[in-house]
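Results of the structural survey
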Amino acid sequence: MYRDTFVVVALIALGAYSTLGFVERDFLEDYLQPLDVGIRNRTYDNFIDDDKLCSRDCTKYPEPRTCYYKFVAEQYHAMGPACKNCPMTREDCFSPQCVQADGIERTVLTFNRLLDGPSLHVCYGDRIIVDVHNKMPAREVSVHWHGELQPKSPWMDGVPHVTQCPIDGNTWFRYDFIAATPGSHFYHSHSGLQLFDGLSGCLIVRTSKEVDPLRNQYDYDLFSHTIQIQDWLHVLMDDKFPGYNKNKTMITVKPDSYLINGMGGYQNPVTLQWTGTPFAEFFVKPNKKYRFRIVSTSSTTCSFQFTIEGHAMTLIATDGYPILPVNVRSLYMAGGDVYDVVITTNQTPRPYWMRVQGVEGDCAVAFQQAVLQYEGSGQMLPPTPNTEALFNSLSYIPELNNMRKPCHENADNVCLDELRSLYKAPARLLGEPYKQYVYHIGGHMFTPEELYLSGTYHTHYLPVSGPGVTPGGGMFSDTINNKTNVFPPFALFGEPYNPLIEKLKCPDKCDPWCECMHLIKLPYNEVFEMVFIDGISNDFIKMDHPFHIHGHHFSVMKLGTKDDLNKPNPFAINPENEYPLIKDTLPVPPAGFAVARFVADNPGFWVLHCHFQNHNMAGMVVIIQVGEPNEMIPVPEGWPKCGNYLPPVRIN
């Protein structure tokens, strides 16, 4: 992981973990953490001196602590009775258990009646214990700790039917792991389409200043300066999958708006009236440098642009991994992207708009605002945003990863493969890989006969209608190399020797299409190259497929366009780039390709998937088995099992 600086602390913490085992709930109550750190609460920015608080100064109190949380997963409501007279009475929008979202009433899924969910701020090496109580009787749930590699607890990765059985309604499940991957991360439900509807939150793993390579880049790194951006619909995502045939607005899986830290307003596109609900606010003092951690938990196929009026951003980390700092005027982000930036508050003290804007076509309809507020300025923003020309003053500074225009050798746009990590890659990562996998991203369109008259029940959905798409959107499953993944009925990690694994696996080649368990086996500790080629995007539909790998991270070796595919040796990397960008989620350019490498050094069963949730749901997934079962850490004693119940039947 190129992080030798942190090895000693990790070994101490993980050694403690192995001896502690599971502990009883009444004992854990002494380590229960508050749920209101960071999001909309500035109280903890002053580092409260508490010997059991995990949201602390990691330099002053570096010793690992136990951080216990209780999550209650519920089907809840935005703008429900808890919001009282919101937005007419602004204070009511901040009432206990009021979920305002963008001011439109709808059903939501929440952890602890918070949107976004509780923010977890801990120090590197802390032990995180989360008891999840699923109070959704008709829904299963799971929690994936996105960005945490789980090197000593791979069965805590939170993927149903891979690392665990799903958490059934009215049951509890305890996640217990060491915060062993420093940086800005997040967590979210990995069950169904629940990320769309609110089950997510930030997970920030801080280090002491002595080992932080970015410590000289900023003056403040406040808990309240964590920004979570989510695309938002005004109906449950269940209504969009597989989608309605006649009602085109229900087929379209595009956001109605965005949320910033679970807040914002909505402007009716017909009446132009705003809901009047409060925007998120972030407070700063003049002439200081602030670190902001920006997390995208978006789920649709829309990318978005993040900009701050009048302020450039110095990008210092991607997906938790530090980079050589780069100044940019805006960030183009897809689902799963995480960027740390530094903002210098050297402008005239007043409020400034932050803006999230959907990119291109139908996506451009959705947007959201927040406020960067200079303390003591005595000025207030107008009640309705007016964004004309607000964000054009920094045109001399490049954008980050705008895949709608050239970037290589273009001073106005910086591609991800042009960024440089602060960690030197191992020499073998730049040599010949053990094996290369070329993954063609596509879809299988069903005929009515195949879908409805074949006596089968194929997973499918109706994607957006529009130019270049079959009228009505067609009936699709998503594929990687013509394979639509189907998860097994049991959890692979709990039963690695189950004979059903070989029976359910996809064949090596599928022509024209297979629906099966897309599993590949990788030898432990070898270098692999993944090439992702987007075969879905065209001149009318452009998607930055964000591929997320669990349990590992990518070294980003190369990005290319459609035209680059026609050049000789398009996937050849630059072996002189000894500091390739490190990321766990890699957006693939529309109709182009991405080349990434990683060392398979974390034995277990992991998933590699598109972070567009409808693509994930419809089969755009690869299950990666790293190593043999005897090389994997066994699950704890009593680990729950699941599976089919098909006992033999005797007929007299």
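Preceding this paragraph is the structure being described.
Residues numbered from 1 in each chain as written. Predicted model: local features only at pLDDT ≥ 70, side-chain atom pairs only at ≥ 80, totals over all residues. Heavy atoms only, no water.

**What about the side chain of arginine 291?**
Note the cut-off: Secondary structure elements follow DSSP: runs of H or I of four or more residues count as helices, runs of E of two or more count as strands, with numbering from the N terminus. A 3.5 Å cut-off defines polar contacts: any pair of N or O atoms within that distance qualifies, except that in protein one atom must be a possible hydrogen donor and the other a possible acceptor, and neighbouring residues in sequence count only when both atoms are side-chain atoms. Here, two residues are considered to be in contact whenever any of their heavy atoms come within 4.5 Å of each other.
With respect to the helices, strands and loops of the structure, arginine 291 is situated in strand E12 (residues 289-296). One polar contact links arginine 291 to aspartate 340, side chain to side chain, over a distance of 2.6 Å. Apart from the residues within four sequence positions on either side, arginine 291 is in contact with Asp212, Leu214, Tyr218, Tyr220, Asp221, His225, Ile316, Asp340, Val341 and Val342.

**Regarding the state of the cysteines**
Using the following cut-off: Note that a disulfide, as used here, is simply two cysteine sulfur atoms within 2.5 Å. Exposure is judged per residue with a 1.4 Å probe applied to protein chains only, and the accessible area is read against the type maximum: over 50% gives exposed, under 20% gives buried, and values in between give partly exposed.
Applying the stated criterion across every chain, the model contains nine disulfides. In this model, cysteine 165 is linked to cysteine 642 through a disulfide, with the two sulfur atoms separated by 2.2 Å. Its torsion about the S-S bond being -95°, the disulfide of cysteine 165 and cysteine 642 is classed as left-handed. In this pair, cysteine 165 is assigned in the loop between strand E5 (144-146) and strand E6 (171-178) and cysteine 642 in the segment after strand E34 (621-626), connecting sequence segments 477 residues apart. Classification of cysteine 642 by relative accessible area gives partly exposed; the value is 24%. The thiol sulfur of cysteine 202 is not disulfide-bonded, and the nearest other cysteine sulfur, from cysteine 58, lies at 16 Å. In this structure cysteine 610 is a free cysteine whose sulfur lies 13 Å from that of cysteine 302, the closest cysteine sulfur available. Judged by its relative accessible area of 0%, cysteine 610 is buried.

**Side note on the nonpolar core**
Applicable threshold: Definition of nonpolar core: a set of buried residues of the types Ala, Val, Leu, Ile, Met, Phe, Trp, Tyr and Cys, connected through side-chain atoms within 4.5 Å.
Grouped together as the largest cluster of nonpolar side chains are 68 residues, with contacts concentrated most on Phe292, Phe306 and Leu331. Discounting chain neighbours no more than four positions away, the residues touching leucine 331 are Ile294, Phe304, Gln305, Phe306, Met313, Tyr339, Val341 and Leu400. Listed in part, the 42 residues of the second largest apolar core include Val159, Phe177, Ala179 and Trp639.

**Remarks on the environment of serine 299**
Here serine 299 shows up in the loop between E12 and strand E13 (304-308). For serine 299, a relative accessible area of 0% translates into the label buried. For serine 299 and glutamate 502, which are 203 residues apart along the polypeptide, the C-alpha to C-alpha distance reads 32 Å. Once residues lying within four places of it in the same chain are set aside, the contact partners of serine 299 are Leu195, Phe196, Asp231, His611, Phe612, Gln613 and Asn614.

**Comments concerning unusual backbone geometry**
Following leucine 115, the chain continues to aspartate 116 via a peptide bond in cis, the omega torsion being 0°. One can find aspartate 116 in the loop between strand E2 (106-111) and strand E3 (120-123). Here the residue pair aspartate 511 and proline 512 is connected by a cis peptide bond, since its omega of 5° sits within 30 degrees of zero. Turning to its location among the elements, proline 512 is positioned in the loop between helix H6 (500-504) and strand E25 (514-516). Here the phi dihedral of asparagine 287 falls at roughly 60°; this positive angle occurs in a residue that is not glycine. Topologically, asparagine 287 is positioned in the loop between strand E11 (280-284) and E12. Look at asparagine 287 and you get exposed, because its relative accessible area is 59%. The phi angle at asparagine 525 is positive, at roughly 70°, despite the residue not being glycine. By the element assignment, asparagine 525 lies in the loop between strand E26 (519-522) and strand E27 (527-534).

**Regarding the pattern of salt bridges**
Two side chains with opposite charge may pair up if their charged atoms get near one another. Convention followed: A carboxyl oxygen of Asp or Glu within 4 Å of a side-chain nitrogen of Lys or Arg is what we treat as a salt bridge.
Evaluated as defined, the whole model comprises 28 salt bridges. A salt bridge links aspartate 412 to arginine 329, with the shortest nitrogen-to-oxygen separation between them at 2.8 Å. One end of the pair, aspartate 412, is in the loop between strand E20 (399-400) and strand E21 (413-414); the other, arginine 329, is in the loop between strand E15 (321-328) and strand E16 (330-333), and 83 residues separate them in sequence. Here aspartate 412 falls in the partly exposed class, since its relative accessible area comes to 24%. A salt bridge links lysine 542 to glutamate 360, with the shortest nitrogen-to-oxygen separation between them at 3.9 Å. Taken together, the residues lysine 542 in the loop between E27 and strand E28 (546-549) and glutamate 360 in the loop between strand E18 (351-358) and strand E19 (367-374) connect sequence positions 182 residues apart. Here lysine 542 falls in the partly exposed class, since its relative accessible area comes to 32%.

**A closer look at the pairing of strand E32 (residues 593-599)**
Selection rule: Here, strands pair whenever DSSP counts at least two bridges between them.
E32 sits mainly inside the fold: seven of its seven residues count as buried. Here E27 runs beside E32; their pairing, made up of seven bridges, is antiparallel. Opposite methionine 530, over in E32, you have alanine 596 as the bridge partner. Two strands pair when backbone bridges link them, and strand E29 (residues 554-560) and E32 are joined in this way by five bridges, in the antiparallel orientation. Bridged to serine 555 within E32 is arginine 597.

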